[in-house]
Every structure is written in C-alpha cells, then in structure tokens.
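Residue-level structural notes
Okay, here's what each chain looks like letter by letter:
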Amino acid sequence: MFDALKKRRCFATNGSRFFVDARANGLLMGEVFTSQDGNVELSWQAVGTRPVVSATLVLNGKEITQIKGSGTKGFHTTY
C-alpha cells in the first residue's frame, strides 16, 4: 500500500471495490513524462463488483469532465 502511495498509483471510491487501469499517453498512473506536442491522451479501464455509474476526471481539485458508465461492471474510455 505504501509503495502505491509513493508511486501515485492510488484512486478513491465511495462505494464498491473495483480494479482501475489509468494511463496517460500509454504510461501508468503516477508516472512522470513530458508531452512533446502538449497533447495528452488519458485512458481508463475499470472492472467493478457492481455496475460502473460514472468516472470523474479531477485536476488540481477541479472537475474536468464526468463520463457516464454503460450500466455494466466494465468501463473503458479515452479522453
């Protein structure tokens, strides 16, 4: 758990447990990189014990976007 905190590979949920794979330009959540052209592609994949309702992207405490789930236990999107 402490290793995940140090590597910034943590997420929060207010309900059911689930697995999350979050990446920026193909790199794992928490990795540091510089985009050559300033563009960043974010991708999320989640599998939960209950249907995924939505995912919220937050940057510096501000909500950037909210993506609705499809009502299934699996969720995948790119932003």
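Above this note sits the structure.
A brief look at the structure comes next. Quick caveat, the model's predicted, so the values are computed rather than measured. (Residues numbered from 1 in each chain as written. Predicted model: local features only at pLDDT ≥ 70, side-chain atom pairs only at ≥ 80, totals over all residues. Heavy atoms only, no water.)

Read across the open sheet, the four strands follow the order β2-β1-β3-β6; overall the sheet is antiparallel. Of all strands in the sheet, those bounded by a partner on one side alone are β2 (27-28) and β6 (74-78). Alignment of strand β3 (residues 42-48) against β6, held across five bridges, turns out to be antiparallel. Bridge pairing in β6 links Trp44 to Thr77. (Pairing = 2+ DSSP bridges. Helix = DSSP H or I, 4+ residues; strand = E, 2+ residues; numbered from the N terminus.)

Looking now at the side chain of Ser43. Take Ser43: it is sitting in strand β3. With a relative accessible area of 19%, Ser43 lands in the buried category. Dropping the residues within four chain positions of it, Ser43 is found in contact with Asp21, Ala22, Arg23, Thr77 and Thr78. (Buried < 20%, exposed > 50% of the residue type's maximum accessible area, 1.4 Å probe, protein only. Contact = heavy atoms within 4.5 Å.)

Moving on, we get to the nonpolar core. Core analysis: the largest hydrophobic core is formed by eight residues, namely Ala22, Trp44, Ala46, Val52, Ala55, Leu57, Ile67 and Phe75. Those elements that place two or more of their residues in this core are β3 and β4 (54-59). (Core = buried A, V, L, I, M, F, W, Y, C linked by side-chain atoms within 4.5 Å.)

Before going further, it helps to examine the side chain of Ser35. Mapped onto the elements of the fold, Ser35 is located in the loop between β2 and β3. Polar side-chain contacts of Ser35 include one of 3.1 Å to the side chain of Asp37. Polar side-chain contacts of Ser35 include one of 2.7 Å to the backbone oxygen of Asn39. What Ser35 contacts, discounting residues up to four positions off in sequence, is Asn25 and Val40. (Polar contact = N/O pair within 3.5 Å; in protein donor to acceptor, adjacent residues only side chain to side chain.)

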